[in-house]
Amino acid sequence: MPSGRGACVVAPDPPSGQAMDATPPPPTGLAIELEPLVTRVLAPNASPYTYTGTQTHLVGTTDLAIIDPGPADDAHHAALLRAIGGRPVTAILITHHHRDHSPGARRLAQETGAPIVGAAPFALSDGGPRADAAFDPDYAPDRVLADGERVSGSDWTLEAIATPGHTSNHLAFALHQTNALFSGDHVMGWATSVISPPDGDMGEYMASLEKLLGRDDRVYYPGHGLEIDRPQRLVRGMLGHRKQREGQIMRLLAEGARTIPTLVEKMYVGLDHRLRGAAERSVLAHLIDLDRRGLARGNGEQWRLAAA
Ligand SMILES: [Zn+2]
């Protein structure tokens, strides 16, 4: 994540196998029913890093789960209260602790009495190497969900699916009743996730994509971008895309490219300059992964292929 940006985070690559949608986004603040158990509300935080903005999902009919309340924003908070319509909120679920996903949980929890559950918290008080400008430093869940743990309401059950990579604490949530998956920022409807080391981890991200390939989810509802039908096809395309990027990095290193800015210049021709930092973080994530697998070596800012 480029420092100074408070938003979440997408890479400059559209996912393979799926065209960027060209339709205008729905207006922010409206509750849109995606299926009888699922309603979506778009937050007013569009940016080059969040696409049309963060999407909060409401699950259930009589009592509700709220997934990723989004940024601390008065208009979005009011829109969520309208969509909730006085119904009891059983739980506020968080996929990960980025500032465009979790800060809205605190006020919502105060006003509804619902617990905040989901992704694990971070200890950021020392400003150590895992700190990142995109993190929500005040994120403090009432209950952390481990892989496979469930939260239920009267007509819904959500299961946490550990999907580290975009962040080390990222969870997706599977809705048992309809075979839908809330994919957070792990798989999005418009671009691939930024993997920003040291908290972001390319090896874990790839393993989490493989994990989703082994499931039979009907549809993904991502944190950003439209819902994803035939999600397995997109996940396969994303894995292929990352492997292609990795191959490209190996080729460029073999041809003598040594630094991340040089690699980014050759790999992302015509890149929007605002996304350059994000591209550099993703290339670094690939290099760390290649280093760990014994295929590349880094020395300061200089990278090369590992000796055969
Ligand atoms: Zn994120």
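Cut-offs used in this document
- Residues numbered from 1 in each chain as written.
- Predicted model: local features only at pLDDT ≥ 70, side-chain atom pairs only at ≥ 80, totals over all residues.
- Heavy atoms only, no water.
- Helix = DSSP H or I, 4+ residues; strand = E, 2+ residues; numbered from the N terminus.
- Contact = heavy atoms within 4.5 Å.
- Core = buried A, V, L, I, M, F, W, Y, C linked by side-chain atoms within 4.5 Å.
- Buried < 20%, exposed > 50% of the residue type's maximum accessible area, 1.4 Å probe, protein only.
- Phe/Tyr/Trp six-rings, centres within 6.5 Å; stacked < 30°, edge-to-face > 60°.
- Lys NZ or Arg CZ within 6 Å of the ring centre and 35° of its normal.
- Pairing = 2+ DSSP bridges.
- Axes fitted to C-alpha atoms, helices over the stretch in contact; angles between N-to-C directions.
- Salt bridge = Lys/Arg side-chain N within 4 Å of Asp/Glu carboxyl O.
- 1 Å grid on protein atoms, 1.4 Å probe; cavity = no way out; pocket = protein on both sides within 12 Å on 5 of 7 lines; lining within 4 Å.
- Points joined across faces, edges and corners; volume = space filled by probe spheres on them.
- Nonpolar A, V, L, I, M, F, W, Y, C, P; charged D, E, K, R; others polar.
- Lys, Arg positive; Asp, Glu negative; His and termini not counted.
- Polar contact = N/O pair within 3.5 Å; in protein donor to acceptor, adjacent residues only side chain to side chain.

Peer 1: Just give me the short version of the environment of Tyr 205, but keep the residues and values in it.
Peer 2: Among the secondary structure elements, Tyr 205 is positioned in helix α3 (residues 202-213). Residues Tyr 205 and Leu 239, 34 residues apart in the sequence, show an inter-C-alpha distance of 9.5 Å. Residues within four places of Tyr 205 in sequence aside, it is in contact with Pro 164, Gly 165, His 166, His 186, Thr 192, Ser 193, Ile 195, Met 238 and Arg 242.

Peer 1: Let's hear about the nonpolar core: which residues, and what values?
Peer 2: Counting residues in hydrophobic clusters, the biggest one holds 20 residues, and the most contacted among them are Val 59, Leu 93, Leu 145, Leu 158, Phe 173, Leu 175 and Phe 182. Ranked by residues supplied to this core, first place goes to strand β10 (residues 171-175) with three residues. The contact partners of Phe 182, leaving out residues within four places of it in the chain, are Val 38, His 57, Val 59, Ile 67, Leu 158, Ala 172, Phe 173, Leu 175 and Tyr 221.

Peer 1: An account of the packing of aromatic side chains is requested, with residue identities and associated values reported.
Peer 2: Applying the stated criterion to the full structure yields one aromatic pair. Considering the side-chain rings of Phe 182 and Tyr 221, the 5.5 Å spacing of their centres and the 40° angle between planes classify their relative orientation as tilted. With a gap of 39 residues between them, Phe 182 in strand β11 (residues 180-184) and Tyr 221 in strand β12 (residues 219-222) connect regions that are remote in the sequence. Each member of the pair, Phe 182 together with Tyr 221, is buried. Over the ring of Tyr 268 we find Arg 245; its NZ or CZ atom is 4.2 Å from the centre of that ring.

Peer 1: Before we move on, can you summarise the sheet that holds strand β4 (residues 64-67) with the specific residues and values?
Peer 2: Pairing within the open sheet is mixed, and its seven strands lie in the order β1-β2-β3-β4-β5-β6-β7. Either end of the sheet is taken by a strand with one partner, and the two such strands are β1 (31-35) and β7 (143-144). With four bridges connecting them, β1 and strand β2 (residues 38-42) associate as antiparallel partners. Residue Glu 33 lies in a different strand from β2, and its bridge partner there is Thr 39. The sheet contacts of helix α2 (residues 104-112) involve β4, β5 (89-94) and β6 (116-118), and relative to β5 the element is tilted by about 170°.

Peer 1: Describe the pattern of salt bridges, with residues and values.
Peer 2: All told, the structure shown has 15 salt bridges when counted by the stated rule. Linking Lys 243 and Glu 210 is a salt bridge whose minimum nitrogen-to-oxygen distance equals 3.9 Å. Taken together, the residues span a long stretch of sequence, with Lys 243 in helix α4 (residues 231-254) and Glu 210 in helix α3 at a distance of 33 residues. Residue Arg 215 pairs with Asp 217 through a salt bridge whose shortest N-O separation is 2.8 Å. Of the residues examined, Asp 217 reaches a relative accessible area of 4% and is grouped as buried. A single network of salt bridges, built from pairs that share partners, joins Asp 74, Arg 107 and Glu 111.

Peer 1: How would you sum up empty space enclosed by the protein? Please name residues and give values.
Peer 2: By the definition in use, this model includes four cavities of 30 Å³ or more. Reported here for the second largest cavity is a volume of approximately 40 Å³. Taken together, Gln 55, His 57, Ile 67, Asp 68, Thr 95, Phe 182, Gly 184, Tyr 221, Pro 222 and Gly 223 make up the full set of residues lining the second largest cavity. Elements represented by at least two residues in the lining of the second largest cavity include exactly β3 (55-59), β11 and β12. In the lining of the second largest cavity, the residues fall into four nonpolar, five polar and one charged.

Peer 1: Explain the side chain of Asp 63 residue by residue, including any values.
Peer 2: Locating Asp 63 in the fold gives a position in the loop between β3 and β4. Within the buried core, Asp 63 has no salt-bridge partner, and the shortest N-O distance to an opposite charge, that of Arg 87, equals 8.9 Å. Looking at Asp 63, its side chain comes within polar contact range of the side chain of Thr 90, at 2.9 Å. If we ignore the near neighbours within four places in the chain, the residues touching Asp 63 are Pro 88, Thr 90, Gly 153, Ser 154, Asp 155 and Trp 156.

Peer 1: How would you summarise the layout of surface pockets if you had to cite specific residues and measurements?
Peer 2: To locate leftover empty space, one rolls a probe as large as a water molecule over the atoms. Estimates place the volume of the largest pocket at around 190 Å³. Taken together, Thr 259, Ile 260, Pro 261, Glu 280, Arg 281, Leu 284, Gly 300, Glu 301 and Trp 303 make up the lining of the largest pocket. Elements that contribute at least two residues to the lining of the largest pocket include exactly α5 (260-267) and α6 (276-292). The dominant element in the lining of the largest pocket, judged by the number of residues it contributes, is α6, at three residues. Considered class by class, the residues forming the lining of the largest pocket number four nonpolar, two polar and three charged.

In short, geometric facts, not functional conclusions.
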